[in-house]
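Chain and residue survey
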Amino acid sequence: MAFRKTAMLKGSETTYTLNEQCKKYTLRDNNFVETRNGNFHYEQMVHPTFNDPRTVKLSIKVNKDLSGLDMNVTQANGLKTVDLYHDEKFEVFVEPVDFILHHLVQEKVLAPLEEA
């Protein structure tokens, strides 16, 4: 898998990079799991509301030397990437996914890039 310095969700206007203060323990503290090859993986099933059975899967991967990341949102089975921001069927997931990303920014895992 190719990791890049920046990543964005399909359809989103916000580009993220790893926060320069992010360390391996920061990832572990925020529910990232270390894989066999040393990379880190965050996977979260996202529901639009507490008791809603519909879900999408938010997945963020960080390479072992913390120099790159990859992120996407897929259907619950993980097979097809979805566009939360332009598909009306998935618009109810925008707020909870943005909440998770905002939390990761506050915890200094991710940093949004400033628009030029």
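In case you missed it, the structure is sitting above this.
Residues numbered from 1 in each chain as written. Predicted model: local features only at pLDDT ≥ 70, side-chain atom pairs only at ≥ 80, totals over all residues. Heavy atoms only, no water.

Counting residues in each nonpolar core, the largest one holds 28 residues, and the members touching the most others are Phe32, Ile60, Met71 and Leu110. Of all the elements in the fold, those that place two or more residues in this core are β2 (16-18), β4 (40-46), β5 (56-62), β6 (69-75) and α2 (94-106). With five residues, α2 is the single largest residue contributor to this core. Beyond its immediate stretch of four places on either side in the chain, Met71 contacts Ala7, Met8, Leu9, Tyr16, Ser59, Ile60, Leu101 and Leu110. (Core = buried A, V, L, I, M, F, W, Y, C linked by side-chain atoms within 4.5 Å. Buried < 20%, exposed > 50% of the residue type's maximum accessible area, 1.4 Å probe, protein only. Helix = DSSP H or I, 4+ residues; strand = E, 2+ residues; numbered from the N terminus. Contact = heavy atoms within 4.5 Å.)

Looking now at the pattern of salt bridges. Considering all chains together, one arrives at two salt bridges under this definition. Residues Arg54 and Asp52 are paired through a salt bridge, measuring 2.7 Å at the closest nitrogen-oxygen approach. Residue Arg54 is classed as partly exposed on the basis of its relative accessible area, which comes to 41%. Of the residues examined, Asp52 reaches a relative accessible area of 14% and is grouped as buried. (Salt bridge = Lys/Arg side-chain N within 4 Å of Asp/Glu carboxyl O.)

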